[in-house]
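Chain residues, written in single-letter form:
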Amino acid sequence: MLKNYKDFSIRFDKIIPKPLNDVQLEDNIFNNDFTFESGKWYQLIAPSGKGKSTVVGIITGTRGDFHGDLFIGEINAVKFKYKQWSEWRSYGCSAVFQDLLLFPQLSAFENIFLPLEIQNADSSKRISNSEIELNRIKIKGWADKLDISNKLDQPIFKLSHGQMQRVAILRALNRKFKWLIMDEPFSHLDELNTSIATDLIINEAKSQNAGIIITSLNSKDLMSGFELITI
Amino acid sequence: MNLISKILYRTQKISQLTSAIFGVFLGFLLILTSSQIFTDFKNIIHDSEQAIGSQFLVINKKISLLNTFNIGNSSFTESEIKEIKSNPCFKKVGKFTANKFEAQASIQFPIENTYTEIRTDLFLESVDDDFLDIKPKDWQWNIKDDEIPIILPNDFINLYNFNYAPGRGLPQISKSTIKMANFKIEIRGIGGNSFYRGKIVGFSNRITSVLVPYSFMEYANKIYGLNQNNNESLRIIVEAKNNELSNVQNYIDKHGYEANSELLKNGKFANLLQAILSIIAFFGVIMIVISVNSLILYIQLSITRSKFEIETLLKLGFSHHKIIQWYAYKIAFILALVYSINVIVLVFIKSKTNELIGTFGFEAPNQLNVYVLLSSFLILMIVWCFQIIAVYRQIFKLALPNKE
């Protein structure tokens, strides 16, 4: 059971993504023995087409098109079954995908609240009203800081891309996780919102004792406290 | 607030769903109704107390002009009876034994201070007790008895009550009154004559003869009989298998016999009905196959339409089991709805067909057949499993890392 893991380090063992077979890669993550240490923060920087999203896809278990082995803790995730993948995705890593993957039919609040319901669906105990109320207050506080609190009850499709990005970040934060995996999460945010969001992310990761992997296009938004890796 | 349902419901197309459900509903209704009606009729046919179900036939040879001039022989020979016995259509064959003596019945009743006597010749017959449709408790005779139990044909008493008596201004007589009447029976023959009391103990629908117990017939024929060596039977009675009634008809036609063909018509009717209902049930099966298929297609389509939703839920860590469960519950709900509405409609249809059957004088059981209900439930469960397998296959494809 994933919940009993002690070590949540992520190791890329000789991983070569099939689509990147003929791309010239710096040998630090791919085709190497590279480990993301559990609880540490990483910033991946690379121009487009160099495999940032591939890393995210491999870690979150949405892409299997690679050679080599992926270890989560001591376990080879290439041999994960359905159950382990869904455990890893719901308890191990929480992600902001580049295409955000928000549900257009739900309101912003409902999208942010959803992970709680997903984690509860597995433990089959209903979420109590007081829990919902507490979470509502927490979400409201985050949304206030990111200046989207007046959008919370609006359906997602009415929001701008930048607002959607903030909703997606909050959705990733609103749950338990061992890793935060974020694929260019600030691409449509101004500097002020980026720094507020970064603070939120760091605070939440600290309180959950979790690691972070953030990808970005260029090296001008270097973040302090993050280990820098260029692909 | 169930967000999962809110997410997955978005892609449902109500019009497509209802037409798929309606198809399943109709197919099921066809199968249920036809099998219910079929079992009802089977009950009726198998219930030997009811006329349509009586498998007993009285067979005689056709009377032609030759018989009138006393040239042809209309009695059954031993070999003919043996042949009938060996035919698999028939379970039992019995001979009628007629009286070889003279018999007269007389009854006296008071009209205006004097006794009026009615006298009539009697034609008595006996048949093995197994072939009787009634078993009155007084139906036995031994040598010491001076009272002979008699079974009259129902037609006989009806003929009197509804044709003869009204025309003559005579009173109609109920069956219980007749049973109370005592009349004298005089028997004459080679061995002289003697008097008995006759007592009517019952009325037969099956056999149109005045019946006396075989023990009496045997005794009286021996003592008074005129033509001792003649053991011919002019009529025989057979018990035919229900499902062979059309073969029985063929057999009878082929050999130039005659039977009380009303029963055979009923048998033919039952066969025809069975055939029609089988055809309806067959189309019901085809319809179910098609409509269940369309329901599966609908669900596959809706999963395909929900691909983004399902993939995203999976990426967020929602377990594929829960998604499959969600679909399984919805399908179970749909099928349970179809089943219960079907049962309600079936109860309605059944009450109507029972009325219809009732107007023909038959009685079908009031409650639905348990086996029909159980087997249709079983079919629905199988359908459900098929649906779930279809859902499984699709969702599993989405649940693992994409290797392409």
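Residues numbered from 1 in each chain as written. Chains lettered and ligands numbered in written order. Predicted model: local features only at pLDDT ≥ 70, side-chain atom pairs only at ≥ 80, totals over all residues. Heavy atoms only, no water.

1. Remarks on the nonpolar core
Condition: Grouping buried Ala, Val, Leu, Ile, Met, Phe, Trp, Tyr and Cys residues that are joined through side-chain atoms within 4.5 Å yields what is termed a nonpolar core. Under the scheme applied here, a residue whose accessible area is under 20% of the maximum for its type counts as buried, over 50% as exposed, and between as partly exposed, the area being computed with a 1.4 Å probe on protein chains only. Secondary structure elements follow DSSP: runs of H or I no shorter than four residues count as helices, runs of E no shorter than two count as strands, and numbering proceeds from the N terminus. Any two residues having at least one pair of non-hydrogen atoms within 4.5 Å are treated as being in contact.
Of all hydrophobic cores here, the largest spans 93 residues; its most connected members are A:Leu114, A:Ile169, A:Leu170, B:Ile310, B:Leu313 and B:Tyr327. Considering each element in turn, this core owes the most residues, 12 residues, to helix α11 (residues 320-359) of chain B. In this structure A:Ile169 touches A:Val96, A:Met182, A:Pro185, A:Phe186, A:Leu189, A:Ala197 and A:Ile201, once residues within four positions along its chain are discounted. Residues A:Phe34, A:Val55, A:Trp88 and A:Trp179 belong to the second largest nonpolar core, which totals 33 residues.

2. Describing the interface of chain A and chain B
Filter applied, for reference: Accessible area that two parts lose when put together, evaluated with a 1.4 Å probe and summed over both, is termed the buried area. The salt bridge definition used is simple: a Lys or Arg side-chain nitrogen within 4 Å of an Asp or Glu carboxyl oxygen. Any pair of N or O atoms that falls within 3.5 Å is considered a polar contact. Within protein, one atom must be able to donate a hydrogen and the other to accept it, and sequence-neighbouring residues count only if both atoms are side-chain atoms. Three residue categories are used. Nonpolar comprises Ala, Val, Leu, Ile, Met, Phe, Trp, Tyr, Cys and Pro, charged comprises Asp, Glu, Lys and Arg, and polar comprises the others, including Gly.
At the junction of the two partners, chain A supplies 30 residues and chain B supplies 26 residues. Interface area for chain A against chain B, summed over the two sides, is near 2,800 Å², with a carbon-plus-sulfur share of 67%. Ranking the residues of chain A by area buried against chain B places A:Tyr82, A:Arg89 and A:Gln105 at the top, with a combined share of 24%. At the junction of chain A with chain B, the criterion picks out one salt bridge. Run the count over chain A and chain B and you get eight residue pairs in polar contact (both at pLDDT 80 or more). A total of seven residues in the side of chain A that touches chain B trace back to one element, the largest contributor, which is helix α3 (residues 108-123) of chain A. Looking at the side of chain A that touches chain B residue by residue, the classes come out as 13 nonpolar, six polar and 11 charged.

3. Topic: the domain arrangement of chain B
What counts is decided by this rule: Reported domain spans reflect what an automatic or database domain assignment gives.
Its domain assignment divides chain B into domain 1 (3-49 + 267-399) and domain 2 (54-255). The distance between the C-alpha centroids of domain 1 of chain B and domain 2 of chain B comes to 55 Å.

4. Topic: the environment of B:Ile324
Residues and elements named next belong to chain B. Relative to the helices and strands, Ile324 is located in helix α11. For Ile324, a relative accessible area of 5% puts it in the buried group. For the pair formed by Ile324 and Ile388, sequence separation is 64 residues and the distance between their alpha carbons is 7.5 Å. Residue contacts for Ile324: discarding those within four places in its chain leaves Ile388, Val391, Tyr392, Ile395 and Phe396.

5. With respect to the packing of aromatic side chains
Residues and elements named next belong to chain A. This is how it is decided: Aromatic pairs are defined between Phe, Tyr and Trp rings, using the six-membered ring for Trp, whenever the two ring centres lie within 6.5 Å; interplanar angles under 30 degrees are classed as stacked, those over 60 as edge-to-face, and all others as tilted. Counting as a charge over the ring demands two things of the Lys NZ or Arg CZ atom: a distance within 6 Å of the ring centre and an angle within 35 degrees of the ring normal.
Per the counting criterion, the structure on display carries 25 aromatic pairs over all chains. Look at Phe34 and Phe36: their rings are 4.9 Å apart centre to centre, the planes differ by 75 degrees, and that puts the pair in the edge-to-face class. Under the relative-accessibility criterion, Phe34 is labelled buried at 13%. For the pair Phe80 and Trp85, a centre-to-centre distance of 5.1 Å together with 70 degrees between the ring planes defines the contact as edge-to-face. Neither Phe80 nor Trp85 differs from the other in exposure class; each is buried. One aromatic cluster is present, formed by Phe12, Phe30, Phe34, Phe36, Tyr42 and Trp179 through successive ring pairs. In this structure, Arg136 packs its charged tip against the face of Phe109, placed 4.5 Å from the ring centre.

6. Looking at unusual backbone geometry
Residue and element names in this part refer to chain A. One non-glycine residue, Leu101, adopts positive backbone phi at about 55 degrees. Mapped onto the fold, Leu101 is located in the loop between β6 (93-96) and α3. A relative accessible area of 6% means that Leu101 is categorised as buried. Phi is positive for Asp147, which is not a glycine, with a value near 65 degrees. With respect to the helices and strands, Asp147 occurs in the loop between α4 (129-145) and α5 (161-173).

7. Here we look at the sheet that holds strand β11 (residues 235-240) of chain B
The strands making up a sheet associate through backbone hydrogen bonding, with each pair oriented either parallel or antiparallel. Residues and elements named next belong to chain B. Keep this limit in mind: A strand pair is defined by DSSP finding two or more bridges across the two strands. Inter-axis angles, ranging from 0 to 180 degrees, are taken between N-to-C directions of lines fitted to C-alpha atoms, where helices are fitted over the stretch in contact.
Spatially, four strands are ordered β2-β11-β1-β12 in an open sheet, and the strand pairing comes out antiparallel. In this open sheet, the two strands that pair with only one neighbour each are β2 (90-95) and β12 (257-259). Each neighbouring strand pair of the sheet contributes to a mean axis angle of 30 degrees, computed without reference to strand direction. Judged from the five bridges that link them, β2 and β11 form a sheet pairing that is antiparallel. Note on β11: the bridge partner recorded for Val93 is Val238.

8. What about the side chain of B:Gln394?
With respect to the helices and strands, B:Gln394 occurs in helix α12 (residues 370-399). Every residue in contact with B:Gln394, bar those within four places of it in the chain, is listed here: B:Ile299, B:Gln300, B:Ile303 and B:Thr304.

9. Here we look at the sheet that holds strand β8 (residues 211-216) of chain A
All names here are of chain A. Across the sheet, which stays open at both edges, the five strands sit in the order β6-β7-β8-β3-β9 with parallel pairing between neighbours. Of all strands in the sheet, those with a lone pairing partner are β6 and β9 (227-230), marking the two edges. The average undirected angle you get between the axes of adjacent strands in this sheet is 15 degrees. Pairing geometry for strand β7 (residues 179-183) and β8, over five bridges, is parallel. The partner of Asp183 across the bridge, within β8, is Thr215. With respect to the sheet, helix α2 (residues 82-92) is in contact with β6 and β7, its orientation differing from that of β6 by roughly 75 degrees. Sheet strands in contact with α5 are β6 and β7, and its direction is about 180 degrees off that of β6.

10. Here's the deal with the packing of α4(A) against helix α6 (residues 191-208) of chain A
Residues and elements named next belong to chain A. At a minimum axis distance of 9 Å, the contact between α4 and α6 shows a crossing angle of 145 degrees. On the side of α4, the interface is formed by Lys138, Trp142 and Lys145, while α6 contributes Ile196, Leu200 and Glu204. Each residue belonging to the contact of α4 with α6 can be placed in one class, and the counts come to three nonpolar, no polar and three charged.

11. Details of the pattern of salt bridges
All names here are of chain B. In this structure the tally under the stated criterion is 20 salt bridges over all chains. Put simply, Lys92 and Asp130 hold a salt bridge, and the shortest N to O gap is 4.0 Å. With Lys92 in strand β2 and Asp130 in the loop between β6 (124-126) and β7 (147-153), this pair connects stretches of sequence that are 38 residues apart. Judged by its relative accessible area of 41%, Asp130 falls in the partly exposed class. The partner of Lys92 in a salt bridge is Glu239, and the shortest N-O contact between them spans 3.6 Å. Of this pair, Lys92 sits in strand β2 while Glu239 is found in strand β11, placing the two residues 147 residues apart along the sequence. Under the relative-accessibility criterion, Lys92 is labelled partly exposed at 30%. Look at Glu239 and you get buried, because its relative accessible area is 10%.

12. Things to note about the pairing of strand β4 (residues 66-72) of chain A
Residue and element names in this part refer to chain A. Pairing between strand β1 (residues 10-17) and β4: six bridges, direction antiparallel. Note on β4: the bridge partner recorded for Phe12 is Leu70. Where β4 lies against strand β5 (residues 75-76), two bridges are found, and the strand directions are antiparallel. Looking across to β5, one finds that Ile72 is bridged to Ile75. Here β4 folds back onto β5 in antiparallel fashion, the turn holding two residues, of which Gly73 has a positive phi close to 65 degrees.

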